[in-house]
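Understanding the architecture of this molecule
Chain residues, written in single-letter form:
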Amino acid sequence: MTRNDYDVVVVGGGHNALVSAAYLARAGLSVLVLERLGRLGGAAVSTQAFAGQPARLSRYSYLVSLMPDALMADLDLDVRLVSRRTASYTPYLRDGRHGGLLVERPEGEATRASFRELTGSDDEHDAWRAFYAEVGTLAEAVAPTLLEPLPTERDVAAGVDPALWRDVVTEPLGAALRRRFRDETVRGVVATDALIGTFASLDDPSLVQNRCFLYHLVGNGTGEWRVPVGGMGAVTDALARTAASAGAELVTDAGVSAIRPGPDGAEVRWHDGTRERGVTCRRVLSGVAPWVLRILLGEEAEPGTKPSGAQLKINMLLERLPRLRSGVDPEVAFAGTLHLAQRFDQLEAAYAQAAAGGMPDVLPGEVYCHSLTDPSILGDLAGTGAHTLTYFGLHTPDTLFAEDPEAARTLAVERALASLDEHLEEPLRSCLMTDADGRPCLEAKVPQDVEADLAMPGGHIFHGHLEWPWSPGRARLETPAQRWGVATDSDVVLLCGSGARRGGAVSGIGGHNAAQAVLEEL
Ligand SMILES: Cc1cc2nc3c(=O)[nH]c(=O)nc-3n(C[C@H](O)[C@H](O)[C@H](O)COP(=O)(O)OP(=O)(O)OC[C@H]3O[C@@H](n4cnc5c(N)ncnc54)[C@H](O)[C@@H]3O)c2cc1C
């Protein structure tokens, strides 16, 4: 830290904060980023998670879709995002026979044949293609607006077929899925995008599941989820390099304890491990969750408004990929998203059970192998047959882990592995590598871990519920911060993180939009 007064102080050093810092420093403003942890990147990091093993896993977030290509080009980001050759594989057991629904990338004849084998005709495949073609028009309408001031809902709706708008935006998504598809497996594969990081029934009248669905399908106008080469840490490293080389000061081990806004600027108090320090600035950008921000602003922490996360992330390192009972090549099945217990009826049953306070008997989740697309993260293990494996589980709300966290975590992991083992020739545990202490290379992160590690309240992976990426008719759009969807109650404090409107996921959009609002204001 080279001075006591900055144009902008960014609280939190997640990837969004780094995007803001890069834009603002490039525009010539003095910028200080304060991060409580000893490293930058928040949930976008790579870690050597297992003692003595060189593989660097994307410990939390792992795939990128929402980061606009335009933003990456703007910041000259040295990051490569590559496509997976399988979109998804959904193993199933039907009439005593193991099979799997394969969706290739790009979709071809094997995809059509796979739908036919599961459903007995081409109808579901035709419905699938029609639905995603229509969703593509919505993605093309939304994507170009994400780095612009907020469009109005009416502007976006005007360019979209009214029936599709109803299906995705105004009616609970479950209704459209029932109307458009007949097969529970197909319905479920479509539905999962609505539930990644969102604890809801597909029929939830709040439409929180619809908003989650939309964000999962609009990235760069295609909705494709790509693999960051080198892991998620490569994204953060590139952003940090860009911000630092533009002159932003990035300080770690700097936990912010208070933000005191005044009429023309603010004071930010933080602790450097030995003593409390203070710095003044014209604007504060908050890269922390809005719920955390309120505490830093001195407001009462209201437990009732605290977000609640619901995901289970399991990181694993395998000696070899397991063989599947369906006979599919594991390098095909695990290269994309492998859906487990995610039939529509299973998703709804698991939600109902978890909402009633119980661990779902059958845990829905999905598995994906990063190292099939990008072996670079394996280090010396590349080429030995070893692979990373990531499990992302749904419908495990933080409340399930409140009473007896260790027992609940063990149960959740066992149920997650059971949902995979059902489709394997050999139990997954027999494929796990061991670390330097002889322990299996498996770590599980429940919402409480995510909160403890990253200060994401309740372990909510988006800092709170996602909002529509447009302004509702009644919104005030008077200030730059309001127009960019980054306003708080204070004129000198703006949101730049996942909690900004349009800020969720690894996208940098919140960071970009907050920086634009500041540049208009200062
Ligand atoms: C398990 C998991 C899996 C996910 N998977 C994906 C995925 O595959 N793809 C995707 O796009 N998104 C995914 N997400 C969501 C995505 O990671 C987040 O939405 C995104 O990383 C948020 O970035 P951010 O910069 O806004 O905030 P964060 O990454 O949360 O960073 C905020 C930073 O602020 C710091 N901080 C907090 N309080 C203070 C304080 N008082 N003082 C100083 N610093 C503070 C934190 O330590 C943290 O570094 C996932 C998230 C999780 C947890």
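Look above for the structure.
All residue numbers refer to position in the chain's written sequence, counted from 1. Side-chain atom pairs in this predicted model are given and counted only at pLDDT of 80 or more, local residue features only at pLDDT of at least 70, and totals for whole chains, interfaces and linings cover all residues. Side-chain descriptors were evaluated using all non-hydrogen atoms of the structure, hydrogens and water having been removed beforehand.

A few points about the site of the ligand
Here is the rule: Near residues are defined by distance, with any heavy atom within 4 Å of the molecule or strand qualifying the residue. Polar contact criterion, stated in full: a pair of N or O atoms within 3.5 Å, where within protein one must be able to donate a hydrogen and the other to accept it, and residues adjacent in sequence count only if both atoms are side-chain atoms. In this description, accessible areas are obtained by the Shrake-Rupley approach with a 1.4 Å probe, and a residue is regarded as covered only by the protein chains that are shown. Secondary structure is summarised from DSSP: a helix means a run of H or I of at least four residues, a strand means a run of E of at least two, and numbering begins at the N terminus for each. Basically, the charged four are Asp, Glu, Lys and Arg, the nonpolar ten are Ala, Val, Leu, Ile, Met, Phe, Trp, Tyr, Cys and Pro, and anything else, Gly included, counts as polar. Domains are outlined according to an automatic or database domain assignment.
Near the ligand, the surroundings consist of 35 residues, among which Glu 35, Leu 63, His 463, Ser 498 and Val 506 are the closest. One of the side-chain N or O atoms of Asn 16 is found 2.9 Å from an oxygen atom in the ligand. In this structure, Ile 461 approaches the ligand through a main-chain N or O atom, which is 3.1 Å from an oxygen atom. Protein contact buries 96% of the 1,000 Å² of open area that the ligand shows by itself. Of all elements in the fold, only helix H1 (15–26), strand S10 (255–261) and helix H16 (447–454) reach the threshold of two or more residues within the shell around the ligand. Each residue belonging to the shell around the ligand can be placed in one class, and the counts come to 19 nonpolar, 13 polar and three charged. Formed jointly, the shell around the ligand draws a minimum of three residues from each of two domains, domain 1 (5–80 + 229–305 + 465–521) and domain 2 (86–227 + 307–458).

Focus: the environment of Asp 69
The following threshold applies: Here a residue-residue contact requires only that any non-hydrogen atoms of the pair lie within 4.5 Å.
Following the sequence through the fold, Asp 69 ends up in helix H2 (residues 69–74). Remark: the alpha-carbon pair of Asp 69 and Leu 81, spanning twelve residues in sequence, is separated by 9.9 Å. Apart from residues lying up to four places away in sequence, Asp 69 is in contact with Asn 220 and Arg 226.

Overview of the packing of aromatic side chains
Test applied: Any two of the Phe, Tyr and Trp rings considered here, Trp counted by its six-membered ring, make a pair once their centres fall within 6.5 Å; the pair's planes then place it as stacked at under 30 degrees, edge-to-face at over 60, or tilted in between. Our definition puts a charge over a ring when NZ of Lys or CZ of Arg is within 6 Å of the ring centre and also within 35 degrees of the ring normal.
For the structure on display, the rule yields ten aromatic pairs. Among the aromatic residues, those joined into a cluster by ring pairs are Phe 115, Trp 128, Phe 131, Tyr 132, Phe 181 and Phe 213. The ring of Tyr 6 has Arg 3 sitting right over it, with the charged end atom 5.4 Å from the ring centre.

Some thoughts on the packing of H1 against helix H10 (residues 232–245)
Where we set the bar: The angle between two axes is taken between their N-to-C directions and runs from 0 to 180 degrees, where each axis is a line fitted to C-alpha atoms and a helix contributes only its stretch in contact. Oblique is the label for any angle not covered by the other classes, which are roughly parallel (under 35 degrees), roughly antiparallel (over 145) and roughly perpendicular (65 to 115). What makes a crossing left-handed is the near helix being turned counterclockwise from the far one by less than a right angle; a clockwise turn instead makes it right-handed.
Look at H1 against H10: their axes get within 8 Å of each other, and the N-to-C directions meet at 25 degrees. Between H1 and H10, the angle falls in the class roughly parallel. At the point where H1 passes H10, the crossing takes the left-handed sense. In contact with His 15, Leu 18, Val 19, Ala 21, Ala 22, Ala 25 and Arg 26 of H1, H10 contributes Thr 236, Leu 239, Ala 240, Thr 242 and Ala 243. The class makeup of the residues in the contact of H1 with H10 is eight nonpolar, three polar and one charged.

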